[in-house]
Structure formats: C-alpha cells, structure tokens
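If you want the building blocks of each chain, they are given just below.
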Amino acid sequence: MSAFVNGIWKSGNNLLLKLCNELGLPTANRGVATHLFYGKGARLRRLIRSSFLDTPIPVGLETPFNVGEPWLRRRLRGAAGTALGGHAAYSSRMVDVLRSEGFQALSIIRDPRDVLVSYARWIPTRPDMYSFAYFNALEERDRIKALITGGAGGGFVFDDFGSVLDRAQGWMHDDRVCHVRFEDLVGASGGGDTSKQLEAVAAIAAALDQKDADLEAISVRLFGGTKTFRAGRIGAWTDVFDDELTELFNASIGARRLALYGYE
C-alpha cells in the first residue's frame, strides 16, 4: 500500500504523514506541490514536468500549474510503498491516476483562518521556500492580508486564498479519498478531543488496511515532533484576527466557503 497525503499548506500534512509513518509507511523524499516548479532551476523544472502531448493535470494550489501524466506517474512509481506528501489541487483525473498506481488518497483540512495565521508565522522560518523573500519582508498582519487577497512578488504570482480553497475542496467530497480534520487528529495536546483523535486515527488505519495497529499507542505519540511543527493549536486565529482582518476575510472568503469546509 502507498499513500498520497494532501492538504493546503499548514493544514497538518506532516501530522498526517507522521501517522502514516506510525502505520508502517515511510515518508517519500519527494512530493507534489507548487514550490517544486519555482526557485532555483525553475524554468528547466517546469519544462520537464509540464504537459505537451497529453491532457494536463492541474496540481498548483496557491499558484496554478499543470503537469503531464507521464511525469506524475513516474513520480508516483518512484515513491511506491511510501507516504508521498502533496499540496495539490483536486481533480478526478488526479485521483484516477493515484488509484491506478496503487496510492490511497488521504486529505487533511483545517480551519482556513488557522491555516492563514500558521502560514504567516511559519514562512519566516523557511528561507528555502520560493516565497520566503516576499513574505519575510512583511509584518505578520500584512502577510495574512497578502495571503487572503493574493498578489505578485519575488518572481511569482499567488492567487487569493478563496481560489486556493476552491481548488482543494474536491478532495473532501470524493468518496475515493479518506479525509480527516486537523482539529480531530491533533488530539487533546493541541486543544482537541481524545476520542475524536482515536476515531480519526482508526479511519486512516482502515483506509490503509492496517488492521492490527495499536491505535491508542499511536494516538499518544502523534502530537508534535514533525519538521514543520510550530504550535499545533486549534483556534489560534482568534488571538490574531481583529475587526479589520475579519472583515477582509469575510469579504474575500465568505461564510459559504467556510461552511463547505465545515466551519463557521
């Protein structure tokens, strides 16, 4: 069994990858995400990974990008038997390819407001990211505003956060995808509930056909210790969003998108 672990940046991908590790799947040393098409050698990488002769598969979230199916299949085959991380847009064709290559698609979602705050606080710690220079020059509140509204900087264009949510939404509604909420998986250590954490762990274990795993022991070990872990706390956005940020978020993202993700 192989797994494709997908989610918007700072939604808890590495938490879900850690769970896959606990269930016997090592993390692949590769991924599928927008940052793979930017940074050093970007022009060559885009050329190699783009689609010319076949119908493209959209994978870009914050910045649209399409890949060729042959490249995607090679990447999957090179990661067989592992948990392959991704920050990819949804398409039914993407799931078709994943399944045909023996990958179970897993998706994690998180309150979009917490995603924004966590990303704004995380990006200054990642000088290796293609978007670091642009966002690091901004104050935290301005980073959040930029993520909400979209813009251009540092040689790349990033779309508004509403578009990011729209591109990722399909992962939640495809019956072939097993999805969990960060708020459930994080457990009591992150402000969640132990019983919901156990249910989430059990759902992923079942999707990966891991019937004999010690789910309680795994749940205890799950919180923290991943490479991008910062705080892992539920509801951090309430300490950051003032009237101005709330108004901007509501105008750009709106209650409808929040409801589609199961938040209010």
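Residue indices follow the written sequence of each chain, beginning from 1 at its first position. Local features are withheld for residues below a pLDDT of 70 in this predicted model, meaning they are given only at 70 or higher, and side-chain atom pairs are given and counted only at 80 or more; totals for whole chains, interfaces and linings count all residues. Side-chain numbers come from the whole structure's heavy atoms, not from hydrogens or water.

(A) Highlighting the pairing of strand β6 (residues 103–109). For the exposure calls, accessible area comes from a 1.4 Å probe over protein chains only, and a residue counts as buried if that area is under 20% of its type's maximum, exposed if over 50%, partly exposed in between. Counting from the N terminus, the helices are DSSP H or I runs at least four residues long and the strands are E runs at least two residues long. Of all seven residues in β6, seven are buried; the element is thus mostly enclosed. Across the two faces of β6 the burial is the same, with Phe103, Ala105, Ser107 and Ile109 and Gln104, Leu106 and Ile108 all buried. In this sheet, β6 lies alongside strand β1 (residues 2–6) in parallel orientation, the contact comprising five bridges. The partner of Ala3 across the bridge, within β6, is Gln104. Direction of pairing for β6 relative to strand β9 (residues 178–181): parallel, over a ladder of four bridges. Among the inter-strand pairings, Ile108 is bridged to a residue of β9, identified as Val180. When DSSP locates at least two bridges between a pair of strands, those strands are taken to pair.

(B) Just unusual backbone geometry, in detail. Located in the positive-phi region is Lys10, a residue other than glycine, with phi close to 65°. Within the secondary structure layout, Lys10 lies in the loop between β1 and α1 (13–22). In this structure, Asp209 is a non-glycine residue whose phi angle is positive, near 60°. Examined against the element boundaries, Asp209 turns out to sit in the loop between α11 (194–207) and α12 (215–222).

(C) Up close: the environment of Leu260. Following the sequence through the fold, Leu260 ends up in helix α14 (residues 254–260). Leave out the neighbours within four places in its chain, and Leu260 touches Gln169, Met172 and His173. Note on contacts: a residue pair qualifies if any of its non-hydrogen atoms lie within 4.5 Å across the two residues.

(D) The nonpolar core, seen in detail. Among the buried residues, those of types Ala, Val, Leu, Ile, Met, Phe, Trp, Tyr and Cys that are joined through side-chain atoms within 4.5 Å form a nonpolar core. Residues Ile8, Leu116, Phe135, Ile144, Phe161, Phe241 and Tyr261 are the most contacted members of the largest nonpolar core, which totals 36 residues. Residue assignment for this core shows that the elements contributing at least two residues are α5 (112–122), α6 (132–136), α7 (140–149), β8 (156–158), α8 (161–168) and α13 (243–252). Ignoring sequence-local partners within four residues, the contact set of Phe161 consists of Ile8, Pro112, Val115, Leu116, Leu147, Ile148 and Ile253. One finds Val5, Leu25, Val186 and Ala207 within the second-largest nonpolar core, a separate group that totals 25 residues.

(E) Summary view of the pattern of salt bridges. By salt bridge we mean one thing: a side-chain nitrogen of Lys or Arg within 4 Å of a carboxyl oxygen of Asp or Glu. Under the defined criterion, the tally for this structure stands at 16 salt bridges. Of the charged contacts, one joins Glu69 and Arg93 as a salt bridge, the two residues approaching to 2.6 Å between their closest N and O atoms. Within this pair, whereas Glu69 is found in helix α3 (residues 69–78), its partner Arg93 is found in helix α4 (residues 92–100), the two being separated by 24 residues in sequence. On the basis of relative accessibility, which here comes to 26%, the residue Arg93 falls in the partly exposed class. Across the pair Asp159 and Arg167 runs a salt bridge whose closest N-O atoms are separated by 2.5 Å. Each of Glu69, Arg73, Arg77, Arg93 and Glu101 takes part in salt bridges that share partners, so that together they form one network.

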